[in-house]
Structure formats: C-alpha cells, structure tokens
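# Report on the structure
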Amino acid sequence: MRELSLDDIESLAVGAWVLGTGGGGNPYLPLLNMRALYKEGRRVRLMDAADLADDDWVGTVANMGAPLVGQERLTDSLTLARAVSVMERHLGRRFQALMSMEIGGANGVRPFMAAAHLDRPVVDSDTMGRAYPEAQMTSVSVGGLVPYPLTAVDVRGFESIVHRVPTWKWLERVARKICVEYGSVAATCQPPRTGAEVKQWGIHGTTTKAIAIGRAVRDAQRRHEDPIAALLSVEPGKRLFTGKVLDVARRATEGFLRGVVRLDGLDDCRGSAMSINFQNEWVVAWRDEQPLAMTPDLICVLDSVSGEAVGSETIRYGQRVTVIALPPPAVFLSPRGLEFVGPRAFGYDIDFRSVFDA
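So, how was this worked out
- Residues numbered from 1 in each chain as written.
- Predicted model: local features only at pLDDT ≥ 70, side-chain atom pairs only at ≥ 80, totals over all residues.
- Heavy atoms only, no water.
- Axes fitted to C-alpha atoms, helices over the stretch in contact; angles between N-to-C directions.
- Helix = DSSP H or I, 4+ residues; strand = E, 2+ residues; numbered from the N terminus.
- Parallel < 35°, antiparallel > 145°, perpendicular 65-115°, else oblique.
- Contact = heavy atoms within 4.5 Å.
- Nonpolar A, V, L, I, M, F, W, Y, C, P; charged D, E, K, R; others polar.
- Core = buried A, V, L, I, M, F, W, Y, C linked by side-chain atoms within 4.5 Å.
- Buried < 20%, exposed > 50% of the residue type's maximum accessible area, 1.4 Å probe, protein only.
- Phe/Tyr/Trp six-rings, centres within 6.5 Å; stacked < 30°, edge-to-face > 60°.
- Pairing = 2+ DSSP bridges.
- Salt bridge = Lys/Arg side-chain N within 4 Å of Asp/Glu carboxyl O.
- Expected span 1.5 Å × (residues − 1).

### Here's the deal with the packing of helix H1 (residues 6-19) against helix H2 (residues 28-39)
- For the pair H1 and H2, interaxial distance at closest approach is 10 Å and the crossing angle is 175°. Judged on the interaxial angle alone, H2 and H1 are roughly antiparallel. Taking contact as the criterion, the partners of Leu 6, Ile 9, Glu 10 and Ala 13 in H1 are, on H2, Leu 31, Met 34, Arg 35 and Tyr 38.
- Split into classes, the residues belonging to the contact of H1 with H2 amount to 6 nonpolar, no polar and 2 charged.

Pasting the structure below:
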C-alpha cells in the first residue's frame, strides 16, 4: 500500500483520459476536486489486489450517464462518498477498500474522491481496463458474478437502490432509467465484490498503468518532445491515423452520448478519410469506409500536439488529432468477452478483427 502524491494524481488524470477511449468523462473536474482535497490535507492510498483478504468487501465506484451532461452537472466528492455509504447501510457491511469500475476517464479518478472522505484504500484494479458505456461490459459480468445491488445518488438528495435483477443487462436497463430520471448523470456504487472475486476477475494494475501513461505524456510535454511517441514507448500501441476534424454529429439520448466524428487525413494520411462512431466511447473507426479498428481494441483519439486525449463530448471542428490503438484486456478477447463488448454488442454487424493481428 502506498500513498499517492498529488503529482501521481495529475498523471493519473492524463493517463485515465487516454484509457477512456473517448468516454468515462473528462477527468479535469475530478482532478480539481482532488487538488482541493489535498489542499485540505486529505490523502489517498493505492493497494494491490493480492493484498486483499478473500472475505474483504470492496466497493466499486463510478458515475453513470452521458459525458456531455457530466460537464454541466458537476459531481462533487461528497456525493460519490454518499453512494458508497448508502451501499454499506444497505448491505450492513463496511468496505475494506474501494475500486474503479472503469479506469477510463473521470471514473479512473472518482474512487479516490470518495476514498479521501471515507479513509479507505483504492485497489489498483478495475473491471474494464478502459471505459465502456454499459454496466454489463465488465470483466465481472463476463465472469458471471452476481449483478446486484447498485446504489445511485445525486446532489439533490435522491437515493435509489437496485436491490435485485436477474442479469447484468437488466441492471444496465434499470439503473439507466434511474440515471435518465436524475437528469442523465448519477453517482453510483456498483455491485460489491469480495476480495476473492476481485483477485480472480479484476483487471489488475490499471491505476499504475494510467499513472505511467500520464507521466510519460507530461514528461514529454515538459521536454518539448513528441508526447504520442512517449506514450507508445510505455504502451504497446499502434498509430492508426493523423487528421483534422471535419465534422462532429452527436446527441445525448437514453443516458448516452451517441454520434460520429469525421476526420480528413494529414501528413502521411493525406488523401484518406476516417470516421469514428461512438456511444460515449469510440466504438468503430472506419478508414475510407472500411472498418479499421473496433472494440474491444482501445481506440484513442489524441491531440496531435499535446498528446492528451480528446473525448467524444469535447472533440470539435478543426482539431488536429492522432488516432492510436492500444491492446485490450485478455478477458474481452474470449468468445464470451466478445459477446459483451465486441462490435455486435453495439449493433455493428462486423466480425471482430484486431489491429494487432495484422
């Protein structure tokens, strides 16, 4: 177990935004929360999943909703802590630690916001290894673990509990309806996990990975070097495309941000075009109308100058961006994993083909 410095948190925000693959929410606002909490003297700790006892209980923290709405309706750290406390009261148990549902985007930082108030360590694991838009798109869902209960709260005092559902997809449907009624954003404590379950089905080392990515990008920025090359020196990714944003069409619907972004090629991609469909996160990237990259491969859109991620809610006309791919967690490459997070899970009649198989 180690205490994270504020510089670690700064790097975490940058790296989690990259791993967000366009979604998970912009980490800048959670980062501001963490800066304020550290200024108050609060600190957070990171622990390895291997150090959990099998019968420990772990609370899984995340915001649910459309990223665009999350920029307008700000979530504070006390609201996230309340989602955890509501779950503890419902269970009649105390969590020994907290964990990210998804390391991607703001949700990679939010567990630390709750942990700063509740004085619990955060496990260096999550259930996605990135960000995905729906509750069933997790390693614990692939593992067939119990899909309930879930708590959802917001700043106005609303508190809801999904006590029991038959499947993970039903958890998504019911919780999403609650989230939409809240205004398309809610702080949640996802179905609790035991230490044994986290060790077996968690995706491990993801907070450390995000910090390493963020540190590489930030160090390159300070040295005036290529931050994207620095990122690819610490992660085994591939450059896919460099271009300028020509058009963005997006809409907030059913608690998601959906749409498509179109890019015109620059540099060695001049004369070529790319479009990327998204549901909060980037789902399928098409080059010259042919599918090039698709979930569960991580499609990451980065600012070509700063190397920092660009989200589906913040991408805009005229931006110069570089699209890269990062390899997915192995659990999602299994036939069952692809059922939950492959292209067909998002409605695309495409057989998954990894850019890393070429």
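### Notes on the nonpolar core
- Within the largest apolar cluster, 49 residues are counted, with the highest numbers of intra-cluster contacts made by Met 34 and Val 44.
- By residue number, the principal contributor to this core is H1, which donates 8 residues.
- Here Val 44 is in contact with Arg 2, Glu 3, Leu 4, Ile 9, Met 34, Tyr 38, Phe 112, Ala 115 and Ala 116, once residues within four sequence places are set aside.
- Grouped together as the second largest cluster of nonpolar side chains are 31 residues, Trp 168, Val 284, Met 294 and Phe 340 included.

### Regarding the packing of aromatic side chains
- Per the stated rule, a full pass over the model turns up 4 aromatic pairs.
- An angle of 85° between the planes, with centres 5.5 Å apart, marks the rings of Phe 278 and Trp 282 as edge-to-face.
- A relative accessible area of 3% means that Phe 278 is categorised as buried.
- The exposure class of Trp 282 is buried, given its relative accessible area of 1%.

### Looking at the side chain of Ser 139
- Structurally, Ser 139 can be placed in helix H6 (residues 139-142).
- On the basis of relative accessibility, which here comes to 0%, the residue Ser 139 falls in the buried class.
- In this view, Ser 139 contacts Asp 126, Thr 127, Trp 201, Gly 202, Ile 203, Val 331 and Phe 332; residues no more than four positions away in its chain are not counted.

### Focus on the pairing of strand S13 (residues 273-279)
- Of all 7 residues that make up S13, 6 are buried, and the element is covered over most of its length.
- Here strand S12 (residues 256-265) runs beside S13; their pairing, made up of 7 bridges, is antiparallel. Along S13, the bridge assignment pairs Gly 259 with Phe 278.
- The sheet contact formed by S13 and strand S14 (residues 281-287) spans 6 bridges and is antiparallel. Looking at S14, one finds that Phe 278 is bridged to Trp 282.

### As for the pattern of salt bridges
- The full count for this structure, using the stated rule, is 21 salt bridges.
- Where Arg 89 meets Glu 159, a salt bridge forms, and the shortest distance between an N and an O atom there is 3.7 Å. Here Glu 159 lies in strand S8 (residues 159-162) and Arg 89 lies in helix H4 (residues 77-91), a separation of 70 residues in the sequence.
- Looking at Arg 89, the relative accessible area reads 57%, which means it is exposed.

### Examining the pairing of strand S11 (residues 238-253)
- Pairing geometry for S11 and strand S17 (residues 320-326), over 6 bridges, is antiparallel. The partner of Phe 241 across the bridge, within S17, is Val 323.
- Note: S11 against S12, 10 bridges, orientation antiparallel. Across the sheet, the residue bridging to Val 245 is Leu 263, located in S12.

### Details of H4
- Between its first and last C-alpha, H4 extends 22 Å over 15 residues, near the 21 Å set by a 1.5 Å rise per residue.
- Listing the buried residues of H4 in full gives Ser 77, Thr 79, Leu 80, Ala 81, Ala 83, Val 84, Val 86, Met 87 and Glu 88.
- Taken from the residues just after H4, Gly 92 is the one with a positive phi, measuring 70°.

Note that every value here comes from positions in space, so none of it alone points to a role or purpose.
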